[in-house]
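Inside the fold
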Amino acid sequence: MEYMTPNFTKDMVKTHKILIPNMAVTQFRLMQAALASEGYQTEVLGNCGSEVAQLGLKYVHNDTCYPALLVIGQFLDALNSGKYDLEHTALLITQTGGGCRATNYIAFIRKALENMGMPNIPVISINPAGLEKNPGFSLGFGMIIQMAYSMIYGDILVNLANQCRPYEIVEGETDRRIAKWVERLVAEFPKKGAFRRPHVVENFNAIVDDFASIPVHRTKKPRVGVVGEIYIKYAPLGNNNLEQFLFDEGCEPVVPGIMDFIIFKCDNRVEDHLIYGGKTATYIGAGFLKKYCEGLQRDMIAAIARQPVFRVPCTFAHLKSLVKDYLGYGNKMGEGWLLTGEMLELIDSGTSNIVCTQPFGCLPNHVV
């Protein structure tokens, strides 16, 4: 079957729509803009419900992890909807290339497509481990940087929104601010200079000031942190709309940003080199990307700190320092030491209620 797998070719860039499973709603809307600026036609899927899980269970064996079932079910449900020209549709999935069954998502998806009679649909993998080659899709330096900005902009919007929405006086005002900024940032992505540091800092400051102007009534509400496996932690489909549930129950959700996970993955490769050795080029490249993303994170934190009404997230370096007495930095399977570190940081900053979202069948995270 592997030899028969269709590749996403350069010609398909103009003819195919690429479907993307929805993990983090705000961040992935911005990531879609980053891909569009490179000429890719994409759509982040929004289909949810029990039928999505049922399709995944039907076409993937039930010993795999639950995120795989949901992601594949969402793909299959979309392909069955009649909305897409199946001769001009491709699928895209992100992979870390780590020691878990998510590394097998591509094989699972292709087997499911084969069983559904759709073997000609190309599957694209975004991963740092060189697992897949698709001539029509390249993850170059420019694309990596744009995706980093997608995640950090999404992180600041989600962080501020969660601190405003539970207390807003005018219902829906926080969501309107998110929609406004997503639209504005999406329009900026293709423009020259959109990712220059002074302009990004200017955007960070403007976003913080805008959210600080939302009329709120600061009553005392329990804060509840959300940590866990990367997909179940963020995806409404994966966690049964956990953030909305907490909000409806009168709580303030506290969700660490995706940028911490990205820096964590870069840090893993740096630590691997220090502990086990390996290619110097990987060590240098990962170290550079880590420092670059940490710089973005520090700029975001500095912007939030300008407004005393908001709690400020900690830096990755502080997060890493908290876990040193509990787990070694070589512990990286699943979410590795990051999961424990986020719990420690939440407790350290006064959020003592924590939901640890664990998907069925995720062995690395259960062990960690």
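The structure we're discussing is the one just above.
Residues numbered from 1 in each chain as written. Predicted model: local features only at pLDDT ≥ 70, side-chain atom pairs only at ≥ 80, totals over all residues. Heavy atoms only, no water.

Observations regarding the overall build of the chain
Under the convention used in this document: Strands are runs of DSSP state E lasting at least two residues, helices are runs of H or I lasting at least four, and both sets are numbered from the N terminus onward. Note on method: radius of gyration uses C-alpha positions; expected globular size equals 2.2 Å times residues raised to 0.38. Exposure classes here rest on a 1.4 Å probe applied to the protein chains alone. A residue is buried below 20% of its type maximum, exposed above 50%, and partly exposed in between. In this description, contact between two residues means that some pair of their heavy atoms is separated by no more than 4.5 Å. The Shrake-Rupley method, run with a 1.4 Å probe, gives the accessible areas here. Residue values count only the displayed protein chains as cover.
Along the chain, the regular secondary structure elements total 16 helices and 7 strands. Taken against the 2.2 N^0.38 rule, which gives 21 Å for 368 residues, the C-alpha radius of gyration of the chain at 20 Å falls within 12% of a compact globule. Taking all 368 residues of the chain together, 53% fall into the buried category. In the chain, of all internal contacts separated by at least 6 residues, the share reaching a separation of at least 24 is 73%. Total accessible area computed for the chain in this model is approximately 16700 Å², and 55% of it derives from carbon and sulfur atoms.

Things to note about the nonpolar core
The line we're drawing: Only buried Ala, Val, Leu, Ile, Met, Phe, Trp, Tyr and Cys residues count toward a nonpolar core, and they belong to the same one when joined by side-chain atoms within 4.5 Å.
Ranked by size, the top nonpolar core spans 108 residues in total, and within it F8, L113, Y153, I156, I207 and F211 carry the most contacts. Per-element tally for this core: the top contributor is helix α6 (residues 141-164), with 13 residues. Other than its neighbours up to four places away in sequence, F211 contacts L157, L160, A161, C164, T174, R177, I178, W181 and F310.

A look at a nonpolar patch on the surface
To keep it simple, the criterion reads: Patches draw on residues past 30% relative accessible area with no salt bridge. Two like charges within 9 Å are joined, as are two nonpolar side chains (Val, Leu, Ile, Met, Phe, Trp, Tyr) within 5 Å. In the sections that follow, a salt bridge refers to a side-chain nitrogen of Lys or Arg positioned within 4 Å of a carboxyl oxygen of Asp or Glu.
Taken together, the side chains of L274, I275, Y276, Y283 and I284 define a hydrophobic patch exposed on the protein surface, amounting to about 540 Å² of accessible area. When residues of the nonpolar patch are traced back to their parent elements, those giving at least two are α12 (258-276) and α13 (280-305). Residue contributions to the nonpolar patch peak at 3 residues, all from α12. Given a relative accessible area of 55%, L274 falls into the exposed group.

Comments concerning the pattern of salt bridges
A full pass over the atoms with the stated rule returns 16 salt bridges. Among the salt bridges present, the one from R165 reaches D175, with a minimum N-O distance of 2.8 Å. One end of the pair, R165, is in the loop between α6 and α7 (173-188); the other, D175, is in helix α7, and 10 residues separate them in sequence. You can call R165 buried: its relative accessible area is 17%. The class for D175 is partly exposed, based on a relative accessible area of 41%. Of the charged contacts in the structure, one is a salt bridge between D272 and K332, with a shortest N-O distance of 2.4 Å. With D272 in helix α12 and K332 in the loop between α14 (316-322) and α15 (336-348), this pair connects stretches of sequence that are 60 residues apart. Each of E173, R176, R177, K180 and D210 takes part in one network of salt bridges that share partners.

A look at the pairing of strand β3 (residues 89-94)
What counts here: Pairing between two strands requires that DSSP report at least two bridges joining them.
With 5 of its 6 residues buried, β3 lies for the most part within the structure. One ladder, built from 3 bridges, connects strand β1 (residues 17-20) with β3; its direction is parallel. By the bridge assignment for β3, K17 is matched with T89. The pairing of β3 with strand β4 (residues 123-126) spans 4 bridges and is classified as parallel. If you follow L91 over to β4, its bridge partner there is V123.

What about the packing of aromatic side chains?
Two measures describe an aromatic ring pair: the distance that separates the ring centres and the angle between the ring planes. Basically, it comes down to this: Two aromatic rings from Phe, Tyr or Trp, using only the six-membered ring of Trp, form a pair when their centres are within 6.5 Å; if the ring planes differ by under 30 degrees the pair is stacked, by over 60 it is edge-to-face, and anything between is tilted. Consider the ring centre and the ring normal. A charge sits over the ring if Lys NZ or Arg CZ is within 6 Å of that centre and within 35 degrees of that normal.
The final tally for this structure, using the stated rule, is 11 aromatic pairs. The interplanar angle of 35° and the centroid separation of 6.2 Å between the aromatic rings of F288 and Y292 together place this pair among those described as tilted. Taken together, the positions of F288 and Y292, both in helix α13 and 4 residues apart, correspond to about one turn of that helix. An angle of 50° between the planes, with centres 5.6 Å apart, marks the rings of F316 and W337 as tilted. Of the two residues, F316 is situated in helix α14 and W337 in helix α15; the sequence distance between them amounts to 21 residues. The class of F316 is buried, set by a relative accessible area of 1%. Among the aromatic residues, those joined into a cluster by ring pairs are Y149, F189, F195, F288 and Y292. A cation over a ring is seen here: K320 above Y329, with NZ or CZ 4.6 Å from the ring centre.

Overview of the packing of helix α3 (residues 50-59) against helix α4 (residues 66-80)
What describes two packed helices is the angle between their axes and the distance between those same axes. Convention followed: Under this scheme, a helix contributes an axis fitted over its contacting stretch, all axes are lines through C-alpha atoms, and angles between N-to-C directions fall in the 0 to 180 degree range. An angle counts as roughly parallel when it lies under 35 degrees, as roughly antiparallel when it exceeds 145, as roughly perpendicular when it falls between 65 and 115, and as oblique in every other case. Residues were grouped as follows: Ala, Val, Leu, Ile, Met, Phe, Trp, Tyr, Cys and Pro as nonpolar; Asp, Glu, Lys and Arg as charged; and all remaining residues, including Gly, as polar.
Relative to each other, α3 and α4 sit at 105°, their axes nearing to 7 Å. What the angle tells us is that α3 and α4 run roughly perpendicular. On α4, the residues that touch E51, V52, A53, L55, G56, L57 and Y59 of α3 are Y66, L69, L70, G73, Q74, L76, D77 and N80. Considered class by class, the residues forming the contact of α3 with α4 number 9 nonpolar, 4 polar and 2 charged.

With respect to unusual backbone geometry
Notably, N240 is not glycine yet its phi reads approximately 55°, a positive angle. Within the element layout of this structure, N240 appears in the loop between α10 (236-239) and α11 (242-248). In this structure N240 comes out as exposed when scored by relative accessible area, which is 68%. Unusually for a residue other than glycine, N241 sits at a positive phi of about 55°.

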